[in-house]
Amino acid sequence: TAHHSQALTKSVFPKCTHSMKCTQHIAHTKPVLYHRPQEYKPCALNTQLEVRNTKMALQVQNLTLNTGREIPAIGFGTGTSFFGRGDDVAALVGHAFQAGLTSFDTAVIYGTEGGLGSGLSGLSGPRSSLYVTTKTPDWAWTKEEIVDEVEKSLKRLQVTYLDLVLLHTPAPRKGAAFLKKALTDEQIDRLPDPMDAKAMEAARLSAWQGLEECVEKGLVRDIGVSNFTVHHLHQLISKPDIKIRPSVNQVELNPYQTDPEIYNFCKKEGILLQAFGPLGNGREMLADPVLVEISKKKKKTTAQVSLRWAWQLGVATVTKTEKIPRMKENIDIFDFELDSEEMEQISGLNKNIRIFGDNSRFP
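Residues numbered from 1 in each chain as written. Predicted model: local features only at pLDDT ≥ 70, side-chain atom pairs only at ≥ 80, totals over all residues. Heavy atoms only, no water.

1. Quick look at unusual backbone geometry
- Not every positive phi belongs to a glycine, and N227 is a case in point at roughly 65 degrees.
- Positionally, N227 belongs in the loop between β9 (220-226) and α8 (230-237).
- Even without a glycine there, the phi angle at D259 is positive, about 45 degrees.
- Within the secondary structure, D259 sits in the loop between β10 (248-252) and α9 (260-269).
- By relative accessible area, which is 14% here, D259 ends up buried. (Helix = DSSP H or I, 4+ residues; strand = E, 2+ residues; numbered from the N terminus. Buried < 20%, exposed > 50% of the residue type's maximum accessible area, 1.4 Å probe, protein only.)

2. Observations concerning the packing of aromatic side chains
- A full pass over the atoms with the stated rule returns three aromatic pairs.
- Ring centres 6.2 Å apart and planes at 50 degrees place the aromatic pair F76 and F82 in the tilted group. For the pair F76 and F82, one class covers both residues: buried.
- When the ring of W311 is compared with that of F334, the centres are 5.2 Å apart and the planes differ by 90 degrees; the resulting orientation is edge-to-face. Of this pair, W311 sits in helix α11 (residues 302-312) while F334 sits in the loop between α12 (324-331) and α13 (340-347), and the two are 23 residues apart along the sequence.
- Look at W311 and you get buried, because its relative accessible area is 4%.
- An aromatic cluster of three or more residues is present, and its members are F76, F82 and F104. (Phe/Tyr/Trp six-rings, centres within 6.5 Å; stacked < 30°, edge-to-face > 60°.)

3. Side note on helix α3 (residues 113-121)
- Looking at α3, one finds that the buried residues are E113, G115, L116, G117, G119 and L120.
- The inward-facing, buried residues of α3 abut α2 (86-99), β6 (103-105), β7 (131-136) and α4 (143-157). (Contact = heavy atoms within 4.5 Å.)

4. Some words on the confidence of the model for the protein
- With 84% of its residues at a pLDDT of 70 or more, the protein shows a mean pLDDT of 86.
- Confidence drops under a pLDDT of 50 for residues 1-55, and excluding neighbours within four residues, the segment shows 125 contacts in the predicted structure. (pLDDT = per-residue confidence, 0-100.)

5. Quick word on the pairing of β10
- Most of β10 sits out of view: five of its five residues are buried.
- Along β10, one buried face is formed by V248, Q250 and E252 and the opposite face, lined by N249 and V251, is buried too.
- Relative to β10, β9 runs parallel, the two being bridged by two bridges. When the bridges of β10 are listed, S226 appears paired with Q250.
- Once the chain exits β9 it traverses α8 before rejoining the sheet at β10, and the crossover so formed is right-handed. (Pairing = 2+ DSSP bridges. Right-handed = clockwise from strand over helix to strand, strands pointing away.)

6. Some thoughts on the sheet that holds β6
- Pairing is parallel around the closed barrel formed by eight strands, whose spatial order is β5-β6-β7-β8-β9-β10-β11-β12. Adjacent strand axes in the sheet meet at a mean angle of 30 degrees when their direction is disregarded.
- Bridging between strand β5 (residues 74-77) and β6 involves two bridges; their strand directions are parallel. Paired with G77 across the two strands is D105, which belongs to β6. (Axes fitted to C-alpha atoms, helices over the stretch in contact; angles between N-to-C directions.)

7. Notes on the pairing of β5
- Burial of β5 is two-sided: the residues I74 and F76 facing one way and the residues G75 and G77 facing the other way are all buried.
- Bridge analysis of β5 against strand β12 (residues 316-319) gives three bridges, and the strand direction is parallel. In the strand pairing of β12, F76 is matched with T319.
- After leaving β5, the chain enters α2 and then returns to the sheet as β6, a path that is right-handed.

8. Overview of helix α10 (residues 289-298)
- Among the residues making up α10, those that are buried are L291, I294 and S295. Around the axis of α10, the buried residues are gathered within 100 degrees of arc, so they sit on the same side. Opposite the buried face of α10, by more than 90 degrees, sit the exposed residues P289, E293, K296 and K297.
- Considering only its buried residues, α10 is in contact with α11 and α13.
- Between a side-chain oxygen at the N-terminus of α10 and the backbone nitrogen of V290 the separation is 2.9 Å; the capping residue is D288.
- At the C-terminal side of α10, K299 shows a positive phi close to 55 degrees. (Arc of directions from axis to C-beta. Polar contact = N/O pair within 3.5 Å; in protein donor to acceptor, adjacent residues only side chain to side chain.)

9. Let's talk about the packing of α10 against α13
- Contact geometry for α10 and α13: axes closest at 10 Å, N-to-C directions at 150 degrees. When the interaxial angle is binned, α10 and α13 end up roughly antiparallel. Like other packed secondary-structure pairs, α10 and α13 cross with a definite hand, here left-handed. Across the interface between the two elements, V290, L291, I294, K297 and K298 of α10 pack against E342, Q345 and I346 of α13.
- Across the contact of α10 with α13, the residue classes break down as four nonpolar, one polar and three charged. (Parallel < 35°, antiparallel > 145°, perpendicular 65-115°, else oblique. Left-handed = near helix turned anticlockwise from the far one by under 90°. Nonpolar A, V, L, I, M, F, W, Y, C, P; charged D, E, K, R; others polar.)

10. Overview of the pattern of salt bridges
- According to the stated counting rule, one finds 23 salt bridges in the structure shown.
- The residue K298 makes a salt bridge to E342 at a minimum N-O spacing of 3.2 Å. Remark: E342 occurs in helix α13 and K298 occurs in helix α10; sequence separation between them is 44 residues.
- Looking at K298, the relative accessible area reads 22%, which means it is partly exposed.
- Take E342: its relative accessible area is 2%, and that puts it in the buried class. (Salt bridge = Lys/Arg side-chain N within 4 Å of Asp/Glu carboxyl O.)

Take a look at the structure:
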């Protein structure tokens, strides 16, 4: 529609003109329309539900990255309560896929790459119908270490390429229990000092160049970061040495943690924001009277309203659930729309509540 086209602005990035299943994403030069919604304003979106198969799985819509490739707007996460439970992840992958989820998010530190790989290998259909994301571990900061870790991730995930790899953190989280479990004290001591600004600036650049090499080698399609603040991102993209700009910044974001600073910066720079923890802790926020009132009006759950709010902001989300009905519910958000007043009401709920720590502590 004309209204929809106003919510899109032209981008200089090339786009593959073939289908999502195309593997030849190089040298396509047709301009792409890059989805950049106005700040906290909903844009008119296609709300038609599509049917992917005879089991009436819902179709998750896509968002466009600054490389012209697309990423499903909603992914299935295998972190937090799934930590170290690869077998449980493996058992749920088929259910998630059947529900309509094709994007799967993991990380080295979650200990779920092997389980996810096992679950994915049991699915029928081409690799190109899936979107697989992982994140580098806190102990890899040189170019060589990053390439080595990505190669290990490919083996664990049983795939020949990854759709997206993110630097998981702007600095090693030296006090974290998972790090103490994975490394000896001596190995932890040898990591860059997370509070040394110059050392970390150099380490982030080196790690990023490792991801660029993975793209050059054909191991990875797109690369990005996670938990980066405006300071960390600005510092990285300002480097004349980088060849590829980050496609994604995955951060904690939900109606109680709207983080307008990083939202506006990423929108301006054409970096897609992807939210983890999009439903807060899954309890207090989802009982908020504003969300409850809107959900009744829309005949949806407060979780669906929260995920729809993110979608209308142009933010991708990573959801995590072990309940099969909830998987379907989490992606059933494309058949209704929040008006501008409702969007503002939800954005106004911000309480700056961070469940997963404040990364601005890292210089």
